[in-house]
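# Structural features, examined
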Amino acid sequence: MLATILAATSGDVTKAGKAIGLALGVGLGAAGAGVGIGLIFSSMIQSVARQPELRGELTGIQWLGFALTEAVVFYGLLGSILAFVLV
Amino acid sequence: MRRALVAISLLALTLPSQALARGEFDPTTEFEQHEWVPIHLGPLDLSITKAVVYLMLGSLLTMALGIILMRWRLNVEPGTRQTFGETIYDVAQSQIAEQGLPSKAIGLWFPYVASLFLFIFVVNLIGFIPLPLTGETWHGFPVWGIYAATSSISVTLALAALTFVFTHFEGVRWNGPVRYFKSWIPDAPKPLLVLIVPLEVLGQIMRLISLSVRLFANMLAGHILILTFIGLMFILETVILAPFVITVATAFYIFEVVIVVGIQAFIFATLSAIYIGSAIEPQH
């Protein structure tokens, strides 16, 4: 199966591999960070629903956690760009 | 008036003159650095490039903002301008400095984290205002474009290195070298320490990388996202896409300006405060 596909492909296969690597790196990174950001906001909603008077204090912590989690996408992006450029 | 300004700036963002002039659109060329005023001192390259101009503009604006909002014509009954300045000061003090710094060091390090916050915020923000600083001309007119100095790793790495140096300098100064470096060694069984201590040292260096890469990659990705969506029109060579791509690019633009710009400045300053504070008062 694979051999037939490889035999049928013409042109630069490394280019395709690089593109797949870049997309996979960013996509998997985004998936992980998406779950993390969802968890942060869901617990924020729960906390405020239980103790609305703590909202002010929790907001700072919420944004700190959001930014720390969101940065994970960019580590993935940076890694895949490195793979894209260097290989 | 304010609405007209917003409309004009959004319109300027979507003007495709740059891509049309080039014929071929590639978002990565926006981030190239050309030497405008070459200055070479031996092996040192101190040339003035686009990023340097943006940094100079950012520092001037930061100083002007601080003087106008917080130093100039202060009243007992604050007006709008003074209230705004006091809000920024309050955020910097209660949300940033007091989060990480112990009370004995807050007088010494509050100015550093507060100016870090204001400076990164201003530099991020002017990165989203179209300015005629792209260094290109189109029929004699300077081409307007968006570029942030913080989307260059050299800038963020220099800022992160400042925090890194201050952290260990303060740790040694307040605790003495022996007690400070001993605080890196956690309570654990002896054989495990061989594994844990190198990880701890690596963690200290990873702080430098994570601090700089977080800001740099956030700003870079934000700009690439906006430019790519608008550039889709020119890559696919069709105007039918215009309503779609302009809407999406505007949504990303608003997301970046409203949320990312402030959050990233806040995070950088807060983490700097936490790192310096944890070095001054180690847990062990």
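Residues numbered from 1 in each chain as written. Chains lettered and ligands numbered in written order. Predicted model: local features only at pLDDT ≥ 70, side-chain atom pairs only at ≥ 80, totals over all residues.

### Some thoughts on the overall build of chain A
Helix and strand counts for chain A stand at three helices and zero strands. Taking all 87 residues of chain A together, 13% fall into the buried category. In chain A, the proportion of contacts linking residues at least 24 apart, taken out of those at least 6 apart, comes to 83%. (Helix = DSSP H or I, 4+ residues; strand = E, 2+ residues; numbered from the N terminus. Buried ≥ 20, exposed ≤ 12 C-beta atoms within 10 Å, placed from the backbone. Contact = placed C-beta atoms within 7 Å.)

### Considerations on the overall build of chain B
Assigned secondary structure in chain B consists of nine helices and four strands. Ordered by position in the sequence, the α and β elements of chain B form the string α-α-β-β-α-α-α-β-β-α-α-α-α. Relative to its full complement of 284 residues, chain B shows a buried share of 27%. Considering only intrachain contacts with a sequence separation of at least 6, the fraction spanning at least 24 residues in chain B is 70%.

### Remarks on the environment of Lys15 of chain A
For Lys15 of chain A, the position within the fold is in helix H2 (residues 13-50). Here the alpha-carbon distance between Lys15 of chain A and Ile81 of chain A, two residues 66 residues apart in the chain, equals 13 Å.

### Structural notes on the nonpolar core
Counting residues in each nonpolar core, the largest one holds 58 residues, and the members touching the most others are Ile96, Val113, Phe117, Ile120, Ala265, Phe268 and Ala269 of chain B. Put simply, the parts of the chain that give this core at least two residues each are helix H3 (55-86) of chain A together with helix H4 (80-100), helix H5 (106-126), helix H6 (153-175), helix H8 (190-235) and helix H9 (242-280) of chain B. Considering each element in turn, this core owes the most residues, 14 residues, to H9 of chain B. When residues no more than four places from it in sequence are discounted, the contact partners of Ile96 of chain B are Val91, Val113, Phe117, Phe266, Ala269, Thr270 and Ala273 of chain B. (Core = buried A, V, L, I, M, F, W, Y, C linked by C-beta atoms within 7 Å.)

### Re H4 of chain B
Working note: α-helix, 3.6 residues per turn, so residues spaced by three or four point in the same direction. All names here are of chain B. The end-to-end C-alpha distance of H4 is 30 Å, a good match for the 30 Å that 21 residues give at a rise of 1.5 Å each. Gln93 marks the point of greatest bend in H4, at about 25°. By the burial criterion, the buried members of H4 are Gly85, Ala92, Ile96, Ala97 and Gly100. The secondary structure elements touched by the buried residues of H4 are helix H3 (50-70), H5 and H9. (Expected span 1.5 Å × (residues − 1). Bend = angle between axes of the 7 residues up to and from the residue.)

### Brief notes about H3 of chain A
Between the first and last C-alpha of H3 of chain A there are 46 Å, a value that for 32 residues agrees with the 46 Å anticipated at 1.5 Å per step. All of the buried residues along H3 of chain A are Ala67, Glu70, Ala71, Val73, Phe74, Gly76, Leu77, Leu78 and Ser80 of chain A. Check the buried side of H3 of chain A and you find it contacts H2 of chain A together with H8 and H9 of chain B.

### Focus: unusual backbone geometry
Excluding glycine, most residues fall at negative phi; most peptide bonds, likewise, are trans. With a phi close to 50°, Arg73 of chain B is a non-glycine residue in the positive phi region. Among the secondary structure elements, Arg73 of chain B is positioned in the loop between H3 and H4.

### Details of the confidence of the model for chain B
When pLDDT is averaged along chain B, the result is 85; 93% of the residues meet or exceed 70. In the predicted assembly, ipTM is 0.72 and pTM is 0.82. (pLDDT = per-residue confidence, 0-100.)

### Quick notes on the packing of H6 of chain B against H8 of chain B
The description of two helices packed together rests on the angle between their axes and the distance between the axes. Residue and element names in this part refer to chain B. Look at H6 against H8: their axes get within 8 Å of each other, and the N-to-C directions meet at 140°. As H6 packs across H8, the resulting crossing turns out to be right-handed. Judged by residue contacts, Ile153, Thr156, Leu157, Ala160, Ala161, Thr163 and Phe164 of H6 engage Arg207, Leu208, Leu211, Ser212, Leu215 and Phe216 from H8. In terms of residue class, the contact of H6 with H8 is made up of nine nonpolar, three polar and one charged. (Axes fitted to C-alpha atoms, helices over the stretch in contact; angles between N-to-C directions. Left-handed = near helix turned anticlockwise from the far one by under 90°. Nonpolar A, V, L, I, M, F, W, Y, C, P; charged D, E, K, R; others polar.)

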